[in-house]
Every structure is written in C-alpha cells, then in structure tokens.
Amino acid sequence: MDSMASPLLAAVLAFAVVVMGIVIWSIKRHRDPELTLDCRDPLERLLPSLSGLTHASLLDGNRVELLENQAFFDALFEEIERARTSIHFETFLWKEGRVGRRLAAALAQRARDGLVVRVMLDDRGCSGMGEASEREMRDAGCKVVRYHTARLRNLGVLNRRNHRKAVVFDGRVALVGGHCIVDDWLHDGGPGLRFHDLALRLHGPAVHSVQSSFSENWVAETGELFVGEGVFPVLAPAGDVPIHAARAKPERAAPAVKILHHMVLCIARERLWIQNPYFLPQTEAVRALCAAVKRGVDVRVMVPAAEASDMPIVQHAAHHRFAELLAGGVRIFEYPHTLLHQKVMTVDGRWCAVGSSNFDDRSFEINDEITLGLLDPALAQRLMAIFERDQAECRELQLDRWQRRGLRHRLLDRTLYLLHEQL
C-alpha cells in the first residue's frame, strides 16, 4: 500500500506544481499583452486618448518648473518650510547620510510645529536609512509607514516595490522625479562624479493626481483615509500646461506606465529622444522604436555606460538588444562619467514625460511608478537641450563595432538578459 501511495503523492504534487505554473503564467500574460497601435493623428489630437488609455484624466491649467540635480533638494527644503497643513513624502531609496539626516530633521520639526507629516518608505529600498532618522521622525509625531515589509502576510507581494519619488505639500504643490534620498544625488552641476537627475515642481490641478497616487499605497498599508482642504483643496488654474499622470496598475490589465511608454513610440512623427538609466525594452518596444525610424523619426536613446552605472548588470542585460536597435537605425549614446538617472522622453519637441519609471519590465509590470505626461513645448525644448548637452559627453555606439565586441562581453550580456524581467 505504501509503495503505491508514494508515486501517487509524487504525481499529485507534480500536477499541483504544473497547475500553479500555469496560473502564474496566465496572470502575467493578462498583464503583459503585446501592445500594438496604428495611428497617424498628430500628437495634440491624441492627448485625450493617451490619458484615457493610461487610466488618467488630462488636466489643464498647470505650471511646471524643471529642477535639475541640486535644485531638487533646494526646492524640497524650501517647500517643507513653506508648508502649513500637511506634507506627504514617499521614496524608494533612502540611505544614511547628510541629505537623509537633514530631511529627517526638517520633517520632524514640521511635525512638532503641528503639521500632519506622512512618510511612505519602501521597506527594501530604505533598509539602509539608519534607525536614528526614522526614530527622530516617529518621536516627533511623523506618521512613518514602510511599504511591503518582509513579513509572512506580504509574502505574495514582496517583489512588488514602491519605486515612486514624490512629495505633496498642503495638497497644493508637488515634486515628482527620480531623485533619491542619497548623498550621491547632492550635485551642484560642478565637477565630480555625482549622479545626474531631473524632477518637476507642479502647481495646479495636476497636484491632485500626485496626491491620489500617494494615497493609493498609504491607504493600502494603513487603512487611513485623509480628506479635507488640508490635503485636497480646490485648485485654481496656475498656468497653461496640460498634464496627465500615468500610475495605475490594474490587477487584470496592462499597467498605465507601460501603455504610456509604448504609445509614444508609435505616435512620434519627428523626434523621439529618451534618457533612462535602465533601458531594457521588450520585443514589441524594439520593433516600435525601429518602426519609428522607418517613418522618418529621429530616435535617440541615452543610457549610462556600464562602468558608470550603479547597476552594471542591468546595462549588460540591455546590451543584448542593442544590435537590433542599432541595425534598425536607433542611435544609442552611453554617458561615461556617472549614473545618468533621469527618466525622460521628449516627442516632436512638444510633449514630454518625466517621472520615476525605468524603461524595463520591473517598472512597467511589477513596481508602483508615476510618470507625468506634459504638453509643454518650452519644457520639451529645455529637456532636448539637456539631452544635447549630455550627448556631447557621450560615446555613440556604432553597429559594426558593437557586433565585434568580445565573446566574454557577449556571453555576459546574453546571460544577464535572461533575468531582464526581474532586474
């Protein structure tokens, strides 16, 4: 009897493993469709479609300020001091250091002043922030919450991280971009190997979208609903920039940031310039980029060189697709000096995107992200000028030389690309 039970049990277990594998594959398949788009309408006419398909609303009447490198921290501490009712802060990465200690002290002081200060920290990314900073904020009355802590109840979501970097002050002003609370981001534009990054300061109705984004994970982790004029005030028009925020990640559909990034590849007509630190496009994105070149679009991609990146394994994984892109006419530039961390796209010199999203599967399908799409020719031109400035310091990859790179380099690229969905 025992001899019969053992094979039967093994067969049942094997069947269960197969079924579980199919379930996991099915879930991913529904969230990862192959996106296609055939459209020849001009960009301006497609803005309602672009926002609607990314589960957002196009909001007019905003004012935007570009913050480069150190200017982000100047704006951050300036707005912390100005705030009068509430500060909502979230980040993926916070490491112990000068900027972290200063931020903890500033937020703690505003809590002691009577403001409601909510701080959302990704548990994995902020594991190195130091106990003293977190204790200082908590002791002062800040509400500090860690996202997806390593506990049994979070076992099924531990791989999903909050990669957003955003701050909302009084529900009236927001900062959104790529800056982390790490001393490597303290950079004044002078010499030195500090990371390069960009962020936006927003005034106007689009601030509500950023506040709503913050509330999503706050409510999920705490159950606390925050309401009223101190967090969601009536916002009058502050400028003339239409903005929509791609952030939604429906459980049974393709995430908004993935749709946004793919759509703009398909609707560009003149120029499509991308700066992204972790650029691992899927097959359909590679095809869309090459198709854009065929229809006459100037397509350029700028990434940090492997030796300049904080994650060289990601750069090597990305290298696996570079030959296809170069053969398709995409121009690829590697920035050799430091981590170029800005996540920026400009389309046709009129529309642009800035936010936290990397151009990879982890950002598109797993992590929580926020990317702002803006119809702002002035901002787009400034971002293009930054691209051209950085391009002058880059090395442009050439297909013939790239195809002759060494066997060790090729094997490393191919091996690491096998992990591209999790990098």
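Refer to the structure above for everything that follows.
Conventions we followed
- Residues numbered from 1 in each chain as written.
- Predicted model: local features only at pLDDT ≥ 70, side-chain atom pairs only at ≥ 80, totals over all residues.
- Heavy atoms only, no water.
- 1 Å grid on protein atoms, 1.4 Å probe; cavity = no way out; pocket = protein on both sides within 12 Å on 5 of 7 lines; lining within 4 Å.
- Points joined across faces, edges and corners; volume = space filled by probe spheres on them.
- Helix = DSSP H or I, 4+ residues; strand = E, 2+ residues; numbered from the N terminus.
- Polar contact = N/O pair within 3.5 Å; in protein donor to acceptor, adjacent residues only side chain to side chain.
- Phe/Tyr/Trp six-rings, centres within 6.5 Å; stacked < 30°, edge-to-face > 60°.
- Buried < 20%, exposed > 50% of the residue type's maximum accessible area, 1.4 Å probe, protein only.
- Lys NZ or Arg CZ within 6 Å of the ring centre and 35° of its normal.
- Contact = heavy atoms within 4.5 Å.
- Core = buried A, V, L, I, M, F, W, Y, C linked by side-chain atoms within 4.5 Å.
- Pairing = 2+ DSSP bridges.
- Axes fitted to C-alpha atoms, helices over the stretch in contact; angles between N-to-C directions.
- Parallel < 35°, antiparallel > 145°, perpendicular 65-115°, else oblique.
- Left-handed = near helix turned anticlockwise from the far one by under 90°.
- Nonpolar A, V, L, I, M, F, W, Y, C, P; charged D, E, K, R; others polar.
- Expected span 1.5 Å × (residues − 1).

Q: For empty space enclosed by the protein, give the residues involved together with the corresponding values.
A: This model, assessed by the stated rule, comprises three cavities of 30 Å³ or more. Space inside the largest cavity adds up to approximately 70 Å³. Phe72, Lys165, Ala166, Val167 and His179 are the residues nearest the centre of the largest cavity, which is lined by 14 residues in total. Of all the secondary-structure elements, those providing two or more residues to the lining of the largest cavity are strand E2 (86-91), strand E5 (166-169) and strand E6 (173-177).

Q: Kindly report on the environment of Asp183, identifying the contributing residues and their values.
A: Mapped onto the fold, Asp183 is located in the loop between E6 and strand E7 (198-203). Through-space distance from the C-alpha of Asp183 to that of Arg300 is 30 Å; in sequence the pair is 117 residues apart. In terms of polar contacts, Asp183 uses its side chain to reach the backbone amide nitrogen of Arg98, at 2.9 Å.

Q: Please give an account of the packing of aromatic side chains that cites residues and values.
A: To describe a pair of aromatic rings, one takes the distance between the centres and the angle between the planes. If you walk through the whole model with that rule in mind, you get eleven aromatic pairs. Ring centres of Trp273 and Phe387 lie 5.0 Å apart, and the angle between their planes is 35°; on these two criteria the pair is classed as tilted. Residue Trp273 is located in strand E9 (residues 271-275), and its partner Phe387 is located in helix H11 (residues 377-391); the two are separated by 114 residues in the primary sequence. Each member of the pair Trp273 and Phe387 is classed as buried. One aromatic cluster is present, formed by Phe214, Trp218, Phe226 and Phe232 through successive ring pairs. Sitting over the face of the ring of Phe77, Arg102 holds its NZ or CZ atom 3.7 Å from the ring centroid.

Q: Before we move on, could you go through the side chain of Arg118 and cite the residues and values that matter?
A: Note on placement: Arg118 falls in strand E3 (residues 116-122). Not counting residues within four places of it along the chain, the set of residues in contact with Arg118 comprises Ile87, His88, Phe89, Lys143, Phe214, Trp218, Glu224, Phe226 and Val231.

Q: So, the nonpolar core: which residues are in play, and what are the values?
A: If you look at the biggest cluster of nonpolar residues, it comprises 94 residues, and the most contacted ones within it are Trp94 and Trp351. Among all residues touching Trp351, those that are not within four sequence positions of it are Leu43, Leu47, Leu50, Leu260, Val264, Met345, Thr346, Gly373, Leu374, Leu375 and Ala380. Among the nonpolar cores identified, the runner-up in size contains 25 residues, and Val207, Ala245, Val354 and Leu374 belong to it.

Q: Can you lay out the pairing of strand E13 (residues 351-355) for me, pointing to particular residues and giving the numbers?
A: The side chains of a regular strand alternate between both faces of the sheet. Most of E13 sits inside the fold, with five of its five residues counted as buried. Alternating residues of E13 divide into Trp351, Ala353 and Gly355 and Cys352 and Val354, and every residue in both groups is buried. Sheet analysis places strand E12 (residues 344-347) next to E13, joined by four bridges and oriented antiparallel. Bridge assignment links Val347 to a residue of E13, and that residue is Trp351. Where E12 hands over to E13, the hairpin turn is made up of three residues, of which Asp348 adopts a positive phi near 55°.

Q: How would you explain the packing of helix H3 (residues 70-82) against helix H4 (residues 98-112) if you had to name every residue and give the values?
A: One way to put it is that H3 packs onto H4 with a least axis distance of 10 Å and a crossing angle of 15°. With respect to each other, H3 and H4 are oriented roughly parallel. In terms of crossing hand, the pair formed by H3 and H4 is left-handed. The residues of H4 that touch H3, namely those facing Phe73, Leu76, Phe77, Ile80, Glu81 and Arg82, are Val99, Arg102, Leu103, Ala106, Leu107 and Arg110. In the contact of H3 with H4, the residues fall into eight nonpolar, no polar and four charged.

Q: Explain the layout of surface pockets residue by residue, including any values.
A: The computed volume of the second largest pocket comes to approximately 540 Å³. Forming the walls of the second largest pocket are 25 residues, and the residues nearest its centre are Phe92, His163, Tyr278, Asp310 and Met311. Split into classes, the residues belonging to the lining of the second largest pocket amount to ten nonpolar, seven polar and eight charged.

Q: Can you break down helix H6 (residues 206-222) residue by residue, with the values?
A: For H6, built from 17 residues, the straight-helix expectation of 24 Å at 1.5 Å per residue is met to within 8% by its first-to-last C-alpha distance of 25 Å. Where H6 terminates, the next one or two residues include Gly223, which has phi positive at roughly 80°.

Q: Can you lay out unusual backbone geometry for me, pointing to particular residues and giving the numbers?
A: Only a minority of non-glycine residues have a phi that is not negative, and only a minority of peptide bonds are not trans. With a phi close to 55°, His148 is a non-glycine residue in the positive phi region. Inspection of the secondary structure assignment puts His148 in the loop between strand E4 (143-147) and E5. A residue is classified by how much of its surface remains accessible, and His148, at 9% relative accessible area, is buried. The phi dihedral of Asp348 is positive, around 55°, even though this residue is not glycine.

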